[in-house]
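Each chain is listed here by its residues.
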Amino acid sequence: DDAMYFTARILRSEDRPAEADAMLRRQIERYPDGDMAKDAHWLTLRQLWDQAAFDEIVAYVDGLQSLGEDDLYSRGRLHYFRARALEEARDLQKAQTAFEQVIRDYPKTYYSLLAFNRLASLAPQANSPGVCASTSELCDELLPTSREARPIPIPSTLRNNPTFRRGIQMLSVGLVAL
């Protein structure tokens with residue numbers, strides 16, 4: 001699937017979009033669970049977005065059996081852009097519902113945060129700053145009840161443990177998985 005995906009990108013760069021789209025379709029049919037499936041879906045969706053084919057984006061995402069969005073960077077992306085397509089098509093009620101679904105299905109992701117912000121812009125509340133002003137139900141459901149960070153007491157035996165200290169260092173530079 002890697003070769004098919006990169007062939008499609010080359011075809012697209014050579015201004016051969018029909019051949020690129022055909023290659024992506026074959027890739028997705030042949031390797032629906034391949035490691036490049038999410039990238040093929042994204043490239044397909046981006047082409048539709050560039051054509052302002054918003055109804056086609058919704059149909060495309062709705063027709064997918066498997067998204068392949070298995071990493072931190074892509075989780076929720078296709079559904080977020082499905083919601084954006086609904087918004088661009090001026091179907092604001094469905095867009096709002098779709099953004100809320102992104103937040104529920106992909107909490108604590110980049111696309112969830114974007115969805116919160118789109119909801120806030122769809123239904124702004126006068127004199128009430130913040131994302132939760134217009135999405136209080138979702139905020140209450142998904143966010144911690146306390147918005148203030150409180151220190152967690154760490155025993156000195158743990159605080160002085162070299163492995164723990166390395167873990168804290170890794171977290172501080174964003175190496176969460178390690």
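Please refer to the structure higher up on the page.
Residues numbered from 1 in each chain as written. Predicted model: local features only at pLDDT ≥ 70, side-chain atom pairs only at ≥ 80, totals over all residues. Heavy atoms only, no water.

A. Representation of the overall build of the protein chain within the structure. Along the protein chain, the regular secondary structure elements total 10 helices and 0 strands. Along its sequence from the N terminus, the protein chain presents helices and strands in the succession α-α-α-α-α-α-α-α-α-α. Residue burial in the protein chain is summarised as follows: out of 178 residues, 36% are buried. Relative to all contacts within the protein chain whose residues are 6 or more apart in sequence, the contacts with residues 24 or more apart total 47%. Carbon and sulfur atoms form 53% of the exposed surface of the protein chain, whose accessible area is close to 11600 Å². (Helix = DSSP H or I, 4+ residues; strand = E, 2+ residues; numbered from the N terminus. Buried < 20%, exposed > 50% of the residue type's maximum accessible area, 1.4 Å probe, protein only. Contact = heavy atoms within 4.5 Å. Areas by Shrake-Rupley, 256 points an atom, 1.4 Å probe, with all protein chains shown as cover.)

B. Representation of a nonpolar patch on the surface in the model. A contiguous nonpolar patch, built from Ile152, Ile154 and Leu158 and spanning about 270 Å² of accessible area, is present on the exposed surface. Tracing the backbone shows Ile154 in the loop between helix H8 (136–142) and helix H9 (156–159). Residue classification places Ile154 among the partly exposed positions, given a relative accessible area of 31%. (Patch = residues over 30% accessible without salt bridge, like charges linked within 9 Å, V, L, I, M, F, W, Y side chains within 5 Å. Salt bridge = Lys/Arg side-chain N within 4 Å of Asp/Glu carboxyl O.)

C. Region of interest: helix H2 (residues 17–30). Spanning 14 residues, H2 covers 20 Å between terminal C-alpha atoms, matching the ideal 20 Å at 1.5 Å per step. Looking only at H2, the buried set comprises Ala20, Asp21, Ala22, Met23, Leu24, Gln27 and Ile28. If you follow the buried residues of H2, they end up packed against helix H1 (2–13), helix H3 (37–50) and helix H4 (54–62). (Expected span 1.5 Å × (residues − 1).)

D. Representation of the packing of aromatic side chains in the model. Applying the stated criterion across every chain, the model contains 9 aromatic pairs. For the ring pair Trp49 and Phe81, a centre distance of 5.7 Å and an interplane angle of 85° mean the geometry is edge-to-face. Taken as a pair, Trp49 in helix H3 and Phe81 in helix H5 (residues 77–88) lie far apart in primary sequence, 32 residues in all. With a centroid separation of 5.1 Å and an interplanar angle of 80°, the aromatic rings of Tyr110 and Tyr111 are classed as edge-to-face. Taking relative accessible area as the criterion, Tyr110 reaches 51% and is therefore assigned exposed. (Phe/Tyr/Trp six-rings, centres within 6.5 Å; stacked < 30°, edge-to-face > 60°.)

E. Spatial organisation of the environment of Ala40. With respect to the secondary-structure elements, Ala40 resides in helix H3. Since its relative accessible area comes to 0%, Ala40 is described here as buried. As for Ala40 and Gly68, which are separated by 28 residues in sequence, their C-alpha atoms are 9.6 Å apart. Filtering out sequence-adjacent residues up to four positions away, Ala40 remains in contact with Tyr5, Leu24, Gln27 and Ile28.

F. Representation of H4 within the structure. Among all positions of H4, only Phe54, Ile57, Val58, Tyr60 and Val61 are buried. In an axial view of H4, the angular spread of the buried residues amounts to 165°, which keeps them on one side of the axis. (Arc of directions from axis to C-beta.)

G. How the structure looks around the pattern of salt bridges. Going through the model one piece at a time under the given rule, you end up with 11 salt bridges. In this structure, the salt-bridge partner of Asp21 is Arg12, at a minimum N-O distance of 2.4 Å. Assessed through its relative accessible area of 18%, Arg12 is described here as buried. Connected via shared salt-bridge partners are Arg84, Glu87, Glu88 and Arg118.

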